[in-house]
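Listed below are the residues making up each chain.
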2 protein chains.
Amino acid sequence: MNALLIIAHGSRKQSSNDEVAQLAQRTAQLTSDFELVTHGFLELTTPDVPTAIQSAIEQGATRIVVMPYFLAAGYHVQEDLPGLLETARQQHPQVEIQCVNHIGAADDMPHWVLAQARR
Amino acid sequence: MNALLIIAHGSRKQSSNDEVAQLAQRTAQLTSDFELVTHGFLELTTPDVPTAIQSAIEQGATRIVVMPYFLAAGYHVQEDLPGLLETARQQHPQVEIQCVNHIGAADDMPHWVLAQARR
């Protein structure tokens, strides 16, 4: 079973964390490629990345696509998250855990910026 | 003359700031709605917001659409940037300065997340 795991930084502001949870819910409604769309956070709030991965596996995930919900490739995207994912791969060798580029690196971002600017 | 001003947080990491400058350049190539697409930062690097606005006006902007390049509506988006824009409006009353929703609030974000996850 394919899962999509959206990883955000996490905020002290609950409304920001809620936005991420709502994004996962809205994304789930759009896709049949991923039977599960869920979320996790690197810092400041929960679920953390190991817990989110564990939970996805308990729900039946055999392949997890991790999407870093970050605009810039800073330390969190380049060092912190890959380290957590490597640990998760060692703990769950039966599960394929793949990380795609952070959302800010999307080729279409200039189109998306324009779409939002025109609203 | 219409200008689009992309405002990012700013980073100590020059490559992250360069990503924002490149995003502005790539966006400029896609649009004729905005004769100028430029960028600025809230913290840690330059140009800051007042300087970016001043520069756009010197290049002929009479209307500036400000796009907060943030995924979450935290303090920077809700307090810091609106304050800077209010000051700019008082300093440049002849220029229309309008702020759109931050990129993370885009209705299409779930579609964009899926597009990036499928790559």
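Computed from a predicted structure; not experimentally measured. Counting restarts for each chain: residues are numbered from 1 in the order of the written sequence. Each chain gets a letter, beginning with A, and each ligand a number, beginning with 1, in the order they are written. Confidence filtering applies because this is a predicted model: local features only for residues at pLDDT of at least 70, side-chain atom pairs given and counted only at 80 or more, and all residues used for totals across whole chains, interfaces and linings. Calculation of side-chain values draws on the structure's entire complement of heavy atoms; hydrogens and water are dropped beforehand.

**Q** Could you clarify how one ought to interpret the side chain of Thr-31 of chain B in this entry?
**A** As for its placement among the helices and strands, Thr-31 of chain B is situated in the loop between α1 (14-28) and β2 (36-41). Within the structure, Thr-31 of chain B has its side chain in polar contact with the backbone nitrogen of Asp-33 of chain B (distance 2.9 Å). Pairs of N or O atoms are called polar contacts if they sit within 3.5 Å, as long as, within protein, a hydrogen donor faces a hydrogen acceptor (for residues adjacent in sequence, only side-chain-to-side-chain pairs). Within the structure, Thr-31 of chain B has its side chain in polar contact with the backbone nitrogen of Phe-34 of chain B (distance 3.5 Å). Residue contacts follow a heavy-atom distance rule, with two residues in contact if any of their heavy atoms lie within 4.5 Å. The residues contacting Thr-31 of chain B, other than those within four sequence positions of it, are Leu-114 and Arg-118 of chain A together with Val-37 of chain B. Helix numbers and strand numbers start at the N terminus; a helix is a DSSP run of H or I with at least 4 residues, a strand a run of E with at least 2.

**Q** Can you help me understand the nonpolar core in this one?
**A** A general feature of soluble globular proteins is that nonpolar side chains tend to end up buried together. Buried residues of nine kinds, namely Ala, Val, Leu, Ile, Met, Phe, Trp, Tyr and Cys, make up a nonpolar core once their side-chain atoms join them within 4.5 Å. Buried, partly exposed and exposed residues are distinguished by accessible area as a fraction of the type maximum, computed with a 1.4 Å probe on protein chains only: under 20%, between the cut-offs, and over 50%, respectively. Core analysis: the biggest nonpolar cluster contains 42 residues, and Leu-4, Ile-6 and Ile-103 of chain A together with Leu-4, Ile-6 and Ile-103 of chain B have the highest contact counts within it. Contacts of Leu-4 of chain A, omitting those with residues within four sequence positions, involve Thr-27, Phe-34, Leu-36, Val-37, Thr-38, Val-65 and Met-67 of chain A together with Val-113, Leu-114 and Ala-117 of chain B.

**Q** For this particular structure, what's the right way to read the relation of the copies chain A and chain B?
**A** Put simply, the second copy of the chain is the first one after a rotation about an axis and a shift along it. We superpose the copies by least squares over the C-alpha atoms of residues that have a pLDDT of at least 70 in both of them. In the superposition of chain A on chain B (RMSD 0.0 Å, axial shift 0.0 Å), the rotation amounts to 180 degrees. Read as a symmetry element, the transformation amounts to a two-fold axis. Relative to the rotation axis, the C-alpha of Leu-71 of chain A is the closest in chain A, positioned 3.7 Å from it.

**Q** Teacher, can you tell me more about the interface of chain A and chain B here?
**A** A common way to state how big an interface is: give the accessible area lost once the parts meet. Taken together, the contact between chain A and chain B spans 40 residues of the former and 40 residues of the latter. Here the quantity called buried area is the accessible surface, traced with a 1.4 Å probe, that two parts lose on coming together, added over both. Buried surface at the junction of chain A and chain B, summed over both partners, amounts to about 3,500 Å²; 63% is from carbon and sulfur atoms. Looking at the side of chain A facing chain B, the largest losses of area belong to Leu-71, Trp-112 and Gln-116 of chain A, adding up to 18% of the total buried there. Each salt bridge in this description consists of a side-chain nitrogen of Lys or Arg and a carboxyl oxygen of Asp or Glu lying within 4 Å of one another. At the surface where chain A touches chain B, the tally comes to two salt bridges. The partner of Asp-33 of chain B in a salt bridge is Arg-118 of chain A, with the nearest N and O atoms 2.7 Å apart. Between chain A and chain B we count 14 residue pairs in polar contact (both at pLDDT 80 or more) in total.

**Q** Where do I start with the pattern of salt bridges in this structure?
**A** Close approach of charged atoms lets side chains of opposite charge pair. All names here are of chain A. In this structure the tally under the stated criterion is six salt bridges over all chains. Ionic pairing is found between Arg-89 and Glu-86, a salt bridge with its closest N-O pair at 3.2 Å. On the criterion of helical spacing, the pair formed by Arg-89 and Glu-86 is a turn pair, its members being three residues apart in helix α3 (residues 75-91). Accessibility expressed as a relative area gives 28% for Arg-89, which makes it partly exposed. You can call Glu-86 partly exposed: its relative accessible area is 38%.

**Q** What is the right way to look at the sheet that holds strand β3 (residues 63-68) of chain B in this model?
**A** The pairing of strands in a sheet happens through backbone hydrogen bonds and is either parallel or antiparallel. Residues and elements named next belong to chain B. When DSSP finds two or more bridges between two strands, those strands count as paired. Taking strand neighbours across the sheet as the criterion, the four strands line up as β2-β1-β3-β4 in an open arrangement whose pairing is parallel. Edge positions in the sheet fall to β2 and β4 (96-99), since each of these pairs with one other strand and no more. On average, each strand axis in the sheet is tilted by 25 degrees relative to the strand beside it, whichever way the strands run. Bridge count between strand β1 (residues 2-8) and β3: six bridges; the pairing is parallel. Pairing of Ile-6 across the sheet is with Met-67, part of β3. Inter-axis angles, ranging from 0 to 180 degrees, are taken between N-to-C directions of lines fitted to C-alpha atoms, where helices are fitted over the stretch in contact. Docked against the sheet, helix α2 (residues 49-58) engages β1, β2, β3 and β4, running at close to 160 degrees with respect to β2. Strands β1, β3 and β4 of the sheet are contacted by helix α3 (residues 75-91), whose axis makes an angle of about 175 degrees with β4.

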